[in-house]
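# Analysis of the macromolecular model
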Amino acid sequence: ERIDHVLKVLKSKVGDTLNICLVGSGLGKGIFEEITSTHLKIKATEIAPRAQAPFELLIGVSRPHSCQKILEHGTSMGVSNFNFFTAVLSEKSYLDSKLFLSPEKYLKYGLSQSGLYHKMPEVSLSKKFSGEQKFILHPGNNKTFQDYPLDPTKKITLAIGPERGFTRAEVEEFKNLGFLEVSIGAPILRVEIATFAALGQLHLLLKI
């Protein structure tokens, strides 16, 4: 797939340069040394570590297709930890999806599109979090991210419900754990769209 992209879309030749992500090491440049129909040889140069991904997600497990999008595009938008858990209104069978057994493909897609981050995110099927700034998306709330002082040096945890949302009891449970309710707008959004909209707002406010 990657070779096909290089040959047919990029139409690269030996000696051409490209931006690369060396997973776990950093971002930099690469020079094509060999290009054939079966393999690529790229010399990495100027590799340097860049920004640390500043977000982690707590997500009520949703349709695998939605979770796939969250893994890919969430990675490109700076998510370092994806923690999927069975919310009260989640469809329990979704956790049996093969997606959660081998999500690396989609994480790599996300890193390749990012241009900012290079560390492989962690994926777990548990309700855990480590961020010091904690928010739960809750439609209809009159508070937004702008109403709270955001510290760009500290990780932010976002709790996002499944397709049918969180129950009131779940919201209260999160609030008891120090989560602050925020709204990202009036429309009721799909899980993946709500995720990207929230991350986009945070990118803007944190000036990432």
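See the structure above.
Scope of this entry: the structure provided in the associated data block. (Residues numbered from 1 in each chain as written. Predicted model: local features only at pLDDT ≥ 70, side-chain atom pairs only at ≥ 80, totals over all residues. Heavy atoms only, no water.)

### Focus on helix H4 (residues 168-176)
Since the α-helix advances by 3.6 residues per turn, residues separated by three or four positions end up pointing in the same direction. Every buried residue of H4 is accounted for by Glu170, Val171 and Phe174. Viewed end-on, H4 has its buried residues packed into an arc of 100 degrees, placing them on one side of the element. Along H4, exposed side chains directed more than 90 degrees from the buried face belong to Ala169 and Asn176. Contact partners of the buried residues in H4: strand S4 (55-60), strand S5 (79-85), strand S7 (133-137), strand S8 (156-160) and strand S9 (180-182). One or two residues past the end of H4 sits Gly178, with phi positive at roughly 95 degrees. (Buried < 20%, exposed > 50% of the residue type's maximum accessible area, 1.4 Å probe, protein only. Helix = DSSP H or I, 4+ residues; strand = E, 2+ residues; numbered from the N terminus. Arc of directions from axis to C-beta. Contact = heavy atoms within 4.5 Å.)

### Topic: the sheet that holds S9
Across a sheet, strands are paired by hydrogen bonds formed along the backbone, either parallel or antiparallel in direction. Strand order in this open sheet of six strands is S6-S5-S4-S8-S7-S9, and the pairing throughout is parallel. Among the strands making up the open sheet, the edge pair consists of strand S6 (122-124) and S9. Each strand of the sheet is rotated relative to its neighbour by a mean of 20 degrees, with strand direction disregarded. Direction of pairing for S7 relative to S9: parallel, over a ladder of three bridges. The residue bridging Ile136 from the neighbouring strand is Glu181, located in S9. (Pairing = 2+ DSSP bridges. Axes fitted to C-alpha atoms, helices over the stretch in contact; angles between N-to-C directions.)

### Notes on the pattern of salt bridges
Per the counting criterion, the structure on display carries 11 salt bridges. Glu163 serves as the salt-bridge partner of Arg63, at 3.2 Å between the closest nitrogen and oxygen. Taken together, the positions of Arg63 in the loop between S4 and helix H2 (64-76) and Glu163 in the loop between S8 and H4 put the pair 100 residues apart, joining distant regions of the chain. Using a relative accessible area of 34% as the deciding quantity, one classes Arg63 as partly exposed. Its salt-bridge partner being Glu181, residue Lys175 comes within 3.2 Å of it at the nearest N-O pair. You can call Glu181 buried: its relative accessible area is 12%. (Salt bridge = Lys/Arg side-chain N within 4 Å of Asp/Glu carboxyl O.)

### Some words on the packing of H2 against helix H3 (residues 104-114)
Where H2 contacts H3, the axes come no closer than 7 Å and their chain directions differ by 30 degrees. Where H2 crosses over H3, the handedness of that crossing is right-handed. The segment H2 lies against H3, with Gln68, Leu71, Glu72, His73, Thr75 and Ser76 engaging Tyr106, Leu107, Tyr109, Gly110, Leu111, Gln113 and Ser114. Of the residues assigned to the contact of H2 with H3, the class counts are five nonpolar, seven polar and one charged. (Left-handed = near helix turned anticlockwise from the far one by under 90°. Nonpolar A, V, L, I, M, F, W, Y, C, P; charged D, E, K, R; others polar.)

### Some points on the pairing of strand S2 (residues 26-35)
In this structure, strand S1 (residues 17-22) lies alongside S2, joined through six bridges in antiparallel fashion. What sits directly across from Ile20, in S2, is Gly28. Hairpin connection between S1 and S2: a loop of three residues separates the two successive antiparallel strands, and Gly24 in this loop has a positive phi of roughly 85 degrees. Note: S2 against strand S3 (residues 40-48), seven bridges, orientation antiparallel. Paired with Gly30 across the two strands is Ala44, which belongs to S3. Here S2 folds back onto S3, and the loop between the two strands holds four residues.

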